[in-house]
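Here are the chains, one letter per residue:
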Amino acid sequence: MSDIENEYQVQIKANQETDIKFPEEVVIIPIMNSPIFPGMIAPIILSEDKFTPELDDYLMKTGFVALNLVKSDLKDEHGDFVPEEEIDLDQREIKPHDIYKVGVLCKVVKKLKLPDGSVNVLVHGVKRYRASNYIEEKPLMKADFEVFDDILETDEELDAYTRSVINQVKKLSEINPYFNEEMKLAMLNSPSPGSLADLVAFAISLDIPEAQDFLETLVVKKRFAKLLVYLRREKDVADIQKKISDEVNDKVNKYQREYFLREQLKVIRSELGMDDDEKSRDINRIAEQLDEIGMPEEALKAAKEELERLEVIPDSSPEYNVTRTYLNWMVDLPWANSTPEKIDMDTARKILEKDHYGLEKAKERILEFLAVRKLRPEYDGTILCLSGPPGVGKTSLGKSIAESLGRKFYRFSLGGMRDEAEIKGHRRTYVGAMPGRIIQALKRVEVNNPVIMLDEIDKLGSSFQGDPASALLEVLDPEQNRTFIDHYLDVPFDLSKVLFISTANYIGNIPEPLLDRMEVIELSGYTIEEKVSIATKWVIPKLLKKHGLTKDDFVIPVATLKKLIGDYAREPGVRMMEQYVAKLCRKAALLKVTSRRKKKFTPKPNDLEEHLGPARFQTELAQKSLDPGVVTGLAWTSYGGQILFIETIPLKGNGTFKLTGQMGSVMNESANIAYSYVKSLLEAEIERGKKKLNSKQTTLNQPAEEALDFLSKHEVHLHLPAGATPKDGPSAGITMALALYSLAARHKIKPGLAMTGELSLTGKVLPVGGIKEKVLAAKRAGVREIILPKENEKDLKEVPERHRKGLKFYPVEHFDEVLKIAMPKWKRR
């Protein structure tokens with residue numbers, strides 16, 4: 001038997017001797033809120049459905065009612081727990097097992113019927129009690145009961161508990177409105193320590209399990225011990241609430257104080273006749289600028305509406321800064337400010353020749369473009385796209401165009417851009433919103449007709465934030481950009497006067513709709529001779545000045561420069577060459593500073609490895625004699641052209657074909673086409689031999705039969721060195737086919753011969769790209785004869801005459817022509 005059960009048994013006998021006459025049975029009313037402890041007077045509201053005539057009769061007869069808390073762990077008909085906030089006593093039928101047995105026996109003081117039909121019953125808690133036996137559940141929940149008195153042991157410990165509770169209540173009274181003067185007075189007049197504990201517990205918020213536990217505690221000392229824990233918790237919560245409230249009040253008071261001080265300052269300034277405040281000055285300045293900058297009607301209307309909003313927004317509001325920033329952007333843009341355009345063709349030609357060596361085709365197209373602009377200044381024609389490898393002068397060409405036009409130049413890179421808002425701006429609803437890069441560029445150059453270079457347009461990205469390439473469609477379309485709307489400005493801005501120039505390394509990465517809006521000017525790489533001229537005229541003088549050197553301190557011989565370009569800086573542009581020349585300049589600077597006597601630094605070709613490290617590139621040289629199955633091809637790379645050897649060997653097998661050398665999907669398909677075509681070609685030769693044999697013109701074509709039989713009885717392995725370098729493209733088609741034919745026929749290829757061209761499945765030789773770079777690579781490697789597609793013959797005009805000298809070209813249309821040139825001694829019969 002528990003301690004509380006023992007306490008109940010002790011109290012039963014004492015309660016039988018009390019003077020109060022209780023009814024023999026009591027009606028129980030379930031309640032959900034905090035309990036009404038003995039000695040408390042409080043109202044309870046009963047709905048019209050709950051205050052039945054039977055209950056009214058019972059109250060009239062006995063004048064008593066029992067209040068019991070409903071358990072917090074109620075279950076529904078499915079056995080699931082019902083949250084406390086979802087329990088509705090008016091709708092739910094409460095049964096005896098749903099309530100706690102221990103409650104408070106109360107005397108009804110007064111009943112008052114309310115307008116909505118409910119009844120307000122004022123009750124006075126008398127005694128703690130326990131329902132011992134339920135007599136009935138409907139229409140009223142009645143039970144036999146036992147009442148209890150507090151177990152009070154008067155000693156010093158109880159006195160200490162009482163004082164501790166009173167002290168805690170005094171502390172709480174400073175921050176908790178429930179503990180007012182009336183509450184303190186009621187505590188002082190409490191008839192007993194138990195009543196004091198009940199009064200304090202009634203004033204603090206206890207949840208149902210805690211309240212029920214406190215109600216069931218009859219020993220007053222234990223009740224005080226629990227009460228001190230509850231008071232301590234209440235004090236901690238109240239301290240946190242006070243801290244939060246103080247912080248909020250401080251902020252509110254600060255804003256109110258600033259507001260009143262500003263208003264007072266306005267009055268003082270007005271009385272003294274002083275200038276307007278900062279807000280008024282901003283508004284007046286913006287209003288004056290709006291009238292002066294020549295803004296279009298639609299934009300002016302939007303700006304004035306925002307200005308009216310700005311006048312009524314307090315300058316302490318965050319919205320004030322947002323609106324002011326927007327208006328500052330509006331008045332700072334060059335709506336009507338343009339740069340006068342003066343085009344002098346002779347000056348433009350000199351500018352292009354001064355800043356760029358070679359690139360004759362690109363210069364000619366730019367001059368044509370400038371000529372049209374001179375004849376028709378309002379021309380809004382094609383947007384230029386300068387395409388070429390890195391370091392060939394695309395960006396500097398854009399600057400030269402701007403200089404030739406007399407316009408301001410602005411460049412920004414599109415590389416890696418993934419957010420559409422970078423082009424069209426952010427909407428003003430976002431924190432930190434800004435216009436797009438186009439509008440930002442116009443604000444910086446302060447004119448509406450600059451030259452804007454969109455660098456690295458082929459490296460645009462896309463993400464969940466949008467596709468910048470799609471946003472550029474509107475910017476680069478002359479029919480649409482007259483009314484370009486930036487999301488931040490939200491009004492049209494005319495971009496038709498802006499000259500857009502884009503640059504790209506590989507136009508294949510540019511989306512087709514975007515590429516369709518631009519005219520592409522191809523910039524090919526520089527030859528060794530061109531790089532030598534560029535280094536001599538521009539790079540070396542610039543670097544000498546940059547490093548504090550003169551021609552007496554450092555000289556690079558032409559032979560050394562050529563070796564540096566061929567072994568270290570073979571890329572199409574000149575950036576890498578400039579880096580290595582700068583490295584030699586630093587060597588010369590160190591020698592000048594540390595040497596006791598003046599000595600000129602003149603590195604020889606053999607000295608480059610000592611100063612620059614091992615060569616980055618190894619030059620492939622054409623071999624005088626090649627084994628059967630090995631053919632020299634020509635390839636284009638990002639570093640320019642180069643020769644490569646396509647190798648084939650036979651292995652024991654049954655006619656299978658194996659490919660290695662990091663070949664891409666297109667090259668892989670070309671190799672399979674070459675293998676299939678060679679087999680079909682040999683089969684066709686055998687068939688022709690049979691027809692001639694039947695007509696008694698000749699003997700059977702034995703070499704073709706042997707070659708086809710060789711392919712059928714062997715696995716052929718085709719490899720493209722170097723294995724670590726990725727390769728792709730169709731231009732090695734005829735080279736791979738010739739290597740396979742040479743292997744099958746076991747016949748060597750003509751020495752000093754290289755080739756390029758795509759092969760179709762029917763033997764046609766199709767055109768390829770990069771002819772200029774491939775011819776230069778062949779010349780550099782010692783090749784004497786080159787086979788190329790007939791349709792690429794026109795591209796030889798781009799190769800300077802000095803580089804074509806000593807080379808023999810064979811334009812071909814079909815693979816049969818390739819065999820006749822490459823294997824002249826092979827008798828196909």
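The present account deals with the structure reproduced in this document. Note that the structure is predicted; figures quoted are calculated from it, not measured.

**Quick look at the overall build of the protein**
So, point 1. Tallying secondary structure elements over the protein gives 27 helices and 22 strands in all.
So, point 2. For the protein, the proportion of its 829 residues judged to be buried stands at 46%.
So, point 3. A total of about 44000 Å² of accessible surface is found on the protein, and carbon and sulfur atoms cover 50% of it.

**Quick notes on the sheet that holds strand β12 (residues 499–504)**
So, point 1. One open sheet holds the five strands; their spatial order is β8-β9-β12-β7-β13, and the pairing between them is parallel. The sheet is open, and its two borders are formed by β8 (409–413) and β13 (518–522), each paired with just one other strand. Looking at each pair of strands side by side, their axes are set apart by 25° on average, direction ignored.
So, point 2. Examined bridge by bridge, strand β7 (residues 383–387) and β12 share four bridges and lie parallel to one another. Bridge pairing in β12 links Leu384 to Ile501.
So, point 3. Across the sheet, helix α12 (residues 360–375) is in contact with β7, β12 and β13; its angle to β13 comes to roughly 145°.

**A word on the pattern of salt bridges**
So, point 1. Taken as a whole and assessed by the stated rule, the structure comprises 34 salt bridges.
So, point 2. With a shortest N-O distance of 3.7 Å, Lys221 and Glu153 are connected by a salt bridge. Placement of Lys221 in helix α7 (residues 220–272) and of Glu153 in the loop between β6 (142–148) and α3 (156–173) is noted, with a sequence separation of 68 residues between them.
So, point 3. A relative accessible area of 14% means that Lys221 is categorised as buried.
So, point 4. Across the pair Glu157 and Lys221 runs a salt bridge, and its minimum N-O distance is 3.5 Å. In this pair, Glu157 sits in helix α3 while Lys221 sits in helix α7, placing the two residues 64 residues apart along the sequence.
So, point 5. Judged by relative accessible area, which is 43%, Glu157 ranks as partly exposed.

**Observations regarding helix α6 (residues 208–216)**
It helps to recall that an α-helix has 3.6 residues per turn; residues three or four apart then point in one direction.
So, point 1. Every buried residue of α6 is listed here: Ile208, Glu210, Ala211, Gln212, Phe214 and Leu215.
So, point 2. For α6, the N-terminal capping position is held by Asp207, with its side-chain oxygen 3.0 Å away from the main-chain nitrogen of Glu210.

**Looking at the pairing of β8**
Side-chain direction in a regular strand flips from residue to residue, so the side chains alternate between the two faces of the sheet.
So, point 1. By the alternation rule, side chains of β8 split into Tyr410 and Phe412, which are all buried, and Phe409, Arg411 and Ser413, of which none is buried.
So, point 2. As paired strands, β8 and strand β9 (residues 451–455) are joined by five bridges and run parallel to one another. Bridging across to β9, Phe409 finds its partner in Val451.

**Thoughts on the packing of helix α24 (residues 733–745) against helix α27 (residues 815–822)**
The description of two helices packed together rests on the angle between their axes and the distance between the axes.
So, point 1. The interhelical angle for the contact between α24 and α27, taken along N-to-C directions, is 60°, at an axis separation of 11 Å. It follows from the interaxial angle that α24 and α27 lie oblique. The interaxial crossing formed by α24 with α27 has right-handed handedness. Where α24 approaches α27, its residues Ile734, Ala737, Leu738 and Tyr741 are matched on the opposing element by Phe815, Val818, Leu819 and Ala822.

**Observations regarding a nonpolar patch on the surface**
So, point 1. Taken together, the side chains of Ile240, Ile244, Val248 and Val252 make up a nonpolar region of the molecular surface, amounting to roughly 350 Å² of accessible area.
So, point 2. By secondary structure assignment, the location of Ile240 is in helix α7.
So, point 3. Exposure remark for Ile240: the relative accessible area of 52% places this residue in the exposed category.

Basis of the calculations
- Per-chain numbering applies: the sequence of each chain, read as written, is numbered from 1 onward.
- Residues qualify for local features only when their pLDDT is at least 70, as the model is predicted, and side-chain atom pairs are given and counted only at 80 or more; totals for whole chains, interfaces and linings, by contrast, use all residues.
- Note that the side-chain values use all heavy atoms of the structure and ignore hydrogens as well as water.
- The secondary structure listing takes helices from DSSP runs of H or I that are at least 4 residues long and strands from runs of E that are at least 2 residues long, numbered from the N terminus.
- Relative accessible area decides the class of each residue, using a 1.4 Å probe on protein chains only: under 20% of the type maximum gives buried, over 50% gives exposed, and in between gives partly exposed.
- All accessible areas in this document rest on Shrake-Rupley with a 1.4 Å probe, and a residue is counted as covered only by the protein chains that are shown.
- Only when DSSP finds a minimum of two bridges between them are two strands counted as paired.
- Simply put, an axis is a line fit to the C-alpha atoms, just over the touching stretch for a helix, and the angle between two N-to-C directions goes from 0 to 180 degrees.
- Any two residues whose heavy atoms approach within 4.5 Å are treated as being in contact.
- Any carboxyl oxygen of Asp or Glu within 4 Å of a side-chain nitrogen of Lys or Arg constitutes a salt bridge here.
- Polar contacts here mean pairs of N or O atoms no more than 3.5 Å apart (in protein, one a potential hydrogen donor and the other a potential acceptor; neighbouring residues in sequence count only if both atoms are side-chain atoms).
- Convention used here: angles under 35 degrees read as roughly parallel, angles over 145 as roughly antiparallel, angles from 65 to 115 as roughly perpendicular, and any remaining angle as oblique.
- Should the near helix be turned anticlockwise from the far one by less than a right angle, the crossing is termed left-handed; should it be turned clockwise, right-handed.
- Like-charged residues are merged into a patch within 9 Å and nonpolar side chains (Val, Leu, Ile, Met, Phe, Trp, Tyr) within 5 Å, provided each residue has over 30% relative accessible area and no salt bridge.

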